[in-house]
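Descriptive structure summary
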Amino acid sequence: MEKLSEAAIQEKLIDHANWKLVDGKWIQRKYLFKEYLNGIEFVQNVAHLSEKMNHHPFISIDYKLISVKITSWKARGLTTLDFALAEKYDELYLQIKK
């Protein structure tokens, strides 16, 4: 997978408004849940999807706030896979948030 240019990253971020660029090589989003266990369920779903895709994020659990940060190590930056997974994580969030 090829590393995206800075311009391509900025373009992708337009469609991923809740995701923020961190240190020029990560994208990060924070998800807030009404219940602690809903956040844990989300983390489990993210973990299963990430394992299936063989592309693993950094996940931080702060009570009802879950932070997810992703990059592509082999590409040494962001790739289309990172943004595709960001979309999937957002879909998982919407399923649990209901």
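Structural notes, computed from the coordinates.

**Considering the environment of V43**
Topologically, V43 is positioned in helix α2 (residues 36–53). A relative accessible area of 14% places V43 in the buried class. Taking the C-alpha atoms as reference points, V43 and S67, separated by 24 residues in sequence, lie 9.6 Å from one another. Sequence-distant contacts of V43, that is, excluding residues within four places in its chain, are made with I59, I61 and I66.

**A few points about the pattern of salt bridges**
It is possible for side chains bearing opposite charge to pair when their charged atoms get close. Throughout the structure, instances matching the rule amount to 1 salt bridge. A salt bridge links R29 to D90, with the shortest nitrogen-to-oxygen separation between them at 2.6 Å. Of this pair, R29 sits in strand β2 (residues 26–32) while D90 sits in helix α3 (residues 80–97), and the two are 61 residues apart along the sequence. Like D90, R29 is buried.

Definitions and cut-offs
- Residues numbered from 1 in each chain as written.
- Predicted model: local features only at pLDDT ≥ 70, side-chain atom pairs only at ≥ 80, totals over all residues.
- Heavy atoms only, no water.
- Helix = DSSP H or I, 4+ residues; strand = E, 2+ residues; numbered from the N terminus.
- Buried < 20%, exposed > 50% of the residue type's maximum accessible area, 1.4 Å probe, protein only.
- Contact = heavy atoms within 4.5 Å.
- Salt bridge = Lys/Arg side-chain N within 4 Å of Asp/Glu carboxyl O.

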